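Chains, contacts and geometry: an overview
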Amino acid sequence: MSLWEYANPVKFLSFSGKIVPWFAAGAALFIAVGLYWGYFLTPDDYKQGSTVKIIYLHVPAALIAINAWFMMLVASLIWLIRRHHVSALAARAAAPIGIVMTLITLITGALWGQPMWGTWWAWDPRLTSFLILFLFYLGYVALWAAIDNPDTAADLTSVLCMVGSIFAVMSRYAVLFWNQGLHQGASLSLDKEKNVADVFYQPLLMSITGFVLLFVALVLIGTRTEIRIRRASALLARERG
Amino acid sequence: MMPDLGKYAFAVLGSYAVGLALLAILVIWMVLRNTAARKRLEQIEGARDGQN
């Protein structure tokens, strides 16, 4: 069995319909446990006080905001190279999720930044690249909506996705590239010494797992929606023509 | 037991309120949109089958 079989919309609908409930249930469970654990059962940080509890929303949302764009990039490349419609529709389905995750990151970041840095916003490299990523998401959705021909829309949004990937990379590595600004380095690292303390790390990992599962569930639901909308449009066009 | 958030209560509660509200809106919007698309497609396919 090949992965490419699921490029067939009928097979994709059948398979995704079976796995969506599992991903959704897993997402609900992990997010609920992660947030409950983080909010109620972890101590305050010695420097940041109770604001450290924002990490359980801010970091998972930021992680998804960046990686949703990379998922869109991979799906867009598959569309450009192999012309699988499901792939282009999966990229389209991921964009609204990316918008919301970027928005959550920016808002929780501002709420966290005000008491810690004394300002809601600074033109710091990481904050600025995240704002640009947010604008790219909006532009991506607007471009899909603005073009009637779905294949042309998929082509042009794929190109936009490749350009926007620069800002997705910058959002992730801006702190390392410029080594300046207010934002701290990554909260998670393969180097254990650089990670947040275990007491914060474990519930954070739960919350991140929940957000990843939620992202997968929502991309599948969104792709199913886009396939149905495309099929309905095709049937109506055939009747009229 | 409710944790004592002290002077940072606005920042923490505000973050959770906004974050969870946005997540809820996203999930509800995507599920409703999917349901509407499914019903519309079923309606079109039903009408088409009726004609044939």
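Look up: the structure comes first, before these words.
Since the structure is predicted, the reported quantities are computational estimates derived from the model, not experimental observations. In every chain, residue numbers begin from 1 and rise along the written sequence. Just so you know, chain letters begin at A and ligand numbers begin at 1, following the order they were written in. It should be noted that, the model being predicted, local features are given only for residues of pLDDT at least 70 and side-chain atom pairs only at 80 or more, the latter also being counted only at that level, while totals for whole chains, interfaces and linings use all residues.

**A short note on the overall build of chain A**
- The helix and strand tally for chain A stands at 6 helices and 0 strands.
- Scanning chain A from its N terminus toward the C terminus, one meets helices and strands in the order α-α-α-α-α-α.
- Atoms considered for the radius of gyration are the C-alpha atoms alone. The globule rule reads 2.2 Å times the number of residues to the power 0.38. By the compact-globule yardstick of 18 Å for 241 residues, chain A fits well, its C-alpha radius of gyration being 20 Å.
- Dimensions of chain A, computed from the C-alpha atoms along their principal axes, are close to 70 × 35 × 30 Å.
- Once C-beta atoms are placed from the backbone, each residue is buried if 20 or more other C-beta atoms lie within 10 Å of its own, exposed if 12 or fewer, and partly exposed for counts between those two. In chain A, which comprises 241 residues, the share counted as buried stands at 42%. Helix and strand definitions follow DSSP, with helices as H or I runs of at least four residues and strands as E runs of at least two, each counted in order from the N terminus.

**Re the packing of helix α3 (residues 85-117) of chain A against helix α4 (residues 125-146) of chain A**
All names here are of chain A.
- Orientation of α3 relative to α4, taken along the N-to-C sense of each, is 150°, at an axis distance of 9 Å. Considering their axes alone, α3 and α4 lie roughly antiparallel with respect to each other. Considering only the axes of α3 and α4, their crossing is left-handed. On the side of α3, the interface is formed by Arg92, Ala95, Pro96, Gly98, Ile99, Thr102, Leu103, Thr105, Leu106 and Gly109, while α4 contributes Leu127, Phe130, Leu131, Leu133, Phe134, Tyr137, Leu138, Tyr140, Val141 and Trp144.
- Under this grouping Gly is polar, as are all residues other than the nonpolar Ala, Val, Leu, Ile, Met, Phe, Trp, Tyr, Cys and Pro and the charged Asp, Glu, Lys and Arg. Each residue belonging to the contact of α3 with α4 can be placed in one class, and the counts come to 15 nonpolar, 4 polar and 1 charged. As a rule, the C-alpha atoms of each element are fitted with a line to give its axis, helices using only the stretch in contact, and angles between N-to-C directions run from 0 to 180 degrees. Small angles under 35 degrees read as roughly parallel and large ones over 145 as roughly antiparallel, with 65 to 115 read as roughly perpendicular and the rest as oblique. What makes a crossing left-handed is the near helix being turned counterclockwise from the far one by less than a right angle; a clockwise turn instead makes it right-handed. Once C-beta atoms are placed from the backbone, any two residues with those atoms within 7 Å are in contact.

**As for the nonpolar core**
- To form a nonpolar core, buried Ala, Val, Leu, Ile, Met, Phe, Trp, Tyr and Cys residues must be joined through C-beta atoms within 7 Å. Judged by nonpolar contacts, the single largest core of 69 residues is most densely connected at Ala68(A), Ala94(A) and Leu133(A).
- Of all the elements in the fold, those that place two or more residues in this core are α1 (9-40), α2 (55-82), α3, α4, α5 (150-178) and α6 (198-240) of chain A together with α1 (9-51) of chain B.
- The leading source of residues in this core is α3(A), at 16 residues.
- Leaving out residues up to four positions away in the same chain, Ala94(A) has contacts with Ala68(A), Met71(A), Met72(A) and Val219(A).

**Considering the interface of chain A and chain B**
- Taken together, the 30 residues of chain A in the interface contact 23 residues of chain B.
- When contributions to the side of chain A that touches chain B are tallied by element, the ones reaching two or more residues are α1, α2, α3 and α6 of chain A.
- Here the side of chain A that touches chain B takes 11 residues from α6(A), the largest share from any one element.
- Looking at side-chain class alone, the side of chain A that touches chain B contains 19 nonpolar, 7 polar and 4 charged residues.

**Topic: α3(A)**
Residues and elements named next belong to chain A.
- Working rule for helices: expected span equals 1.5 Å times residues minus one. Compared with the 48 Å implied by 1.5 Å per residue over 33 residues, the 46 Å span of α3 between its first and last C-alpha is a close match.
- Burial analysis of α3 places 24 of its 33 residues in the buried class, the great majority of the element.
- Gly118 sits one or two positions beyond α3 and adopts a positive phi of about 80°.

**A short note on the environment of Lys47(A)**
All names here are of chain A.
- As for its placement among the helices and strands, Lys47 is situated in the loop between α1 and α2.
- For Lys47, a count of 8 C-beta atoms within 10 Å puts it in the exposed group.
- Between the C-alpha atoms of Lys47 and Tyr140, which are 93 residues apart in sequence, the distance is 39 Å.

**Some words on unusual backbone geometry**
- Of note in the backbone geometry, Arg83(A) takes a positive phi value of approximately 55° without being a glycine.
- Along the chain, Arg83(A) turns up in the loop between α2 and α3.

**Things to note about α4(A)**
- Between the first and last C-alpha of α4(A) there are 31 Å, a value that for 22 residues agrees with the 32 Å anticipated at 1.5 Å per step.
- Of the residues making up α4(A), those classed as buried are Pro125(A), Arg126(A), Leu127(A), Ser129(A), Phe130(A), Leu133(A), Phe134(A), Phe136(A), Tyr137(A), Tyr140(A) and Trp144(A).

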